[in-house]
Amino acid sequence: MTQTEQSWQWYDDNAGIYEELDPATLEFGRLLLDYADPVPGARLLDVGAGRGAVVRAALARGCLVTAGDAAPGMVARLRADFPTVAVSMLDAHRLAFPDACFDMVTAGFVIDLLSDPAVAVAEVRRVLRPGGVFALSVPGPLPHRGRWQWLVDLAQEFFPATVAEDRDGQTDVDVTGLLAAAGFTGLTRKDFEHPEPVSDPAALWDLFASRLPAAVSSGSVEWLPPDRAAEFHRRFLTGAEQMHANGGIAFDRHLTMYRALAPAA
Ligand SMILES: C[S@@+](CC[C@H](N)C(=O)[O-])C[C@H]1O[C@@H](n2cnc3c(N)ncnc32)[C@H](O)[C@@H]1O
């Protein structure tokens, strides 16, 4: 399996539930499109469109939307859900479009997944007209990361194969450097926090029980032997109780958005 195949395989497996897993997905798509700020009628390409969070917002703004994804399951759903959009299978590293044919390219939470983001950014520049806009988002820093360490430790103990590394939730990709190297100008950036308050430990368990099994398809609680599953549940609630008593539970999400211009010809 190549790096590119790995980057979309999980999304293909979970295309049917992707937006349902995280209610913030649609809002993040809207935020990126607002930040991109297209004029009505703009020719917009959404790369790695997933279930269409950005596509939906772009249509609402009157854009002429083209969208694609490397996951066949996502592409099938995009075609069914957005019949007016030109949808195709695409690999962000090799965009099958002519030079300078879009006014705007968007990529929500895609660049950090790619095996060679510099190649993808150069492709975006190629398909943008001079002065065209590239707007993208990546997962942002987690300022309260330490408050969740109990859950990271617990997950690593019970699902070592799935939660193998601790990347602090933040992307390693140097977006600013990538955009500058590809010749983009006028770079701006914006951070956004989306707090999702959780009322009590039982509500946190419900939230994870609804999202965790699909999110960690090779290590869901349901797959544990019954005594281990009960032990996981007990220790999860203990950790959540401590967090609840120590400042409350908030399932904060963060994103960083970038907007840049393709150089004039
Ligand atoms: C985190 S999801 C984001 C989906 C959507 N942009 C959103 O904001 O909801 C990342 C998407 O990128 C797609 N993807 C991964 N690698 C890709 C590649 N090389 N080319 C195009 N799409 C890719 C995945 O299949 C997935 O749908």
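In case you missed it, the structure is sitting above this.
In this text the structure is predicted, and so the values were computed from the model without any measurement.

Caption draft 1: Structural detail: the overall build of the protein chain. The secondary structure content of the protein chain amounts to 10 helices and nine strands. A buried classification covers 48% of the 265 residues belonging to the protein chain. Taking the intrachain contacts of the protein chain between residues at least 6 apart in sequence as the baseline, contacts between residues at least 24 apart amount to 76%.

Caption draft 2: How the structure looks around the nonpolar core. With 29 residues, the main nonpolar core has Leu45, Val105, Phe134, Leu136, Leu179 and Phe184 as its most contacted residues. Of all the secondary structure elements, the ones that give two or more residues to this core are β1 (43-47), β4 (102-108), α6 (117-127), β5 (128-139), α8 (175-181) and β9 (253-261). Other than its neighbours up to four places away in sequence, Leu179 contacts Val121, Phe134, Leu136, Phe184, Leu187, Tyr258 and Ala260. In this structure, Val54, Val85, Val133 and Ala135 belong to the second largest nonpolar core, which totals 27 residues.

Caption draft 3: Spatial organisation of the packing of helix α7 (residues 149-158) against helix α10 (residues 226-245). Packing of α7 against α10 leaves a shortest axis separation of 10 Å and a crossing angle of 170°. On the basis of their axis angle, the class for α7 and α10 is roughly antiparallel. Contacts between α7 and α10 involve Trp150, Leu151, Leu154, Glu157 and Phe158 from the first element and Arg228, Glu231, Phe232, Arg235, Phe236, Gly239, Ala240 and Met243 from the second. Split into classes, the residues belonging to the contact of α7 with α10 amount to eight nonpolar, one polar and four charged.

Caption draft 4: Fine view of the pattern of salt bridges. Tallied over the full model, the rule gives 11 salt bridges. Here Asp103 and Arg129 are joined by a salt bridge, their closest N and O atoms 2.8 Å apart. Taken together, the positions of Asp103 in strand β4 and Arg129 in strand β5 put the pair 26 residues apart, joining distant regions of the chain. Owing to a relative accessible area of 32%, Arg129 belongs among the partly exposed residues under this scheme. The residue Glu123 makes a salt bridge to Arg126 at a minimum N-O spacing of 2.8 Å. On the criterion of helical spacing, the pair formed by Glu123 and Arg126 is a turn pair, its members being three residues apart in helix α6.

Caption draft 5: Highlighting the pairing of β5. Here six bridges tie β4 to β5, and the two strands are oriented parallel to one another. The residue of β5 that forms the bridge with Val105 is Phe134. Tracing the backbone out of β4, into α6 and back to the parallel element β5 gives a crossover that is right-handed.

Caption draft 6: Representation of the site of the ligand within the structure. Every one of the 23 residues lining the ligand counts as a neighbour, but Ser7, Gly48, Asp69, Ala92 and Gly108 are closest to it. One nitrogen or oxygen atom from the main chain of Ala70 is found 3.3 Å from a nitrogen atom belonging to the ligand. Contact distances for the ligand include 2.9 Å between a nitrogen atom and a backbone N or O atom of Gly108. The protein chains hide 98% of the 600 Å² of surface that the ligand would expose on its own.

Caption draft 7: Molecular detail of the pairing of β9. As paired elements, β5 and β9 share seven bridges and run antiparallel to each other. Residue pairing for β9: Val138 is matched across the bridge by Thr256. In this sheet, β9 lies alongside strand β6 (residues 185-194) in antiparallel orientation, the contact comprising eight bridges. Across the sheet, residue Lys190 finds its bridge partner in β9, namely Met257.

Caption draft 8: Fine view of the sheet that holds strand β2 (residues 64-69). As summarised here, the arrangement of the seven strands in space is β3-β2-β1-β4-β5-β9-β6, forming an open sheet in which the pairing is mixed. Since the sheet does not close on itself, it has two edges, and those belong to β3 (86-89) and β6, each with one partner. When strand polarity is set aside, the average angle formed by the axes of neighbouring strands in this sheet is 15°. Along the sheet, helix α4 (residues 53-60) makes contact with β1, β2 and β4, crossing β2 at roughly 175°.

Scoring rules and cut-offs
- Residues numbered from 1 in each chain as written.
- Predicted model: local features only at pLDDT ≥ 70, side-chain atom pairs only at ≥ 80, totals over all residues.
- Heavy atoms only, no water.
- Helix = DSSP H or I, 4+ residues; strand = E, 2+ residues; numbered from the N terminus.
- Buried < 20%, exposed > 50% of the residue type's maximum accessible area, 1.4 Å probe, protein only.
- Contact = heavy atoms within 4.5 Å.
- Core = buried A, V, L, I, M, F, W, Y, C linked by side-chain atoms within 4.5 Å.
- Axes fitted to C-alpha atoms, helices over the stretch in contact; angles between N-to-C directions.
- Parallel < 35°, antiparallel > 145°, perpendicular 65-115°, else oblique.
- Nonpolar A, V, L, I, M, F, W, Y, C, P; charged D, E, K, R; others polar.
- Salt bridge = Lys/Arg side-chain N within 4 Å of Asp/Glu carboxyl O.
- Pairing = 2+ DSSP bridges.
- Right-handed = clockwise from strand over helix to strand, strands pointing away.
- Near = heavy atom within 4 Å.
- Polar contact = N/O pair within 3.5 Å; in protein donor to acceptor, adjacent residues only side chain to side chain.
- Areas by Shrake-Rupley, 256 points an atom, 1.4 Å probe, with all protein chains shown as cover.

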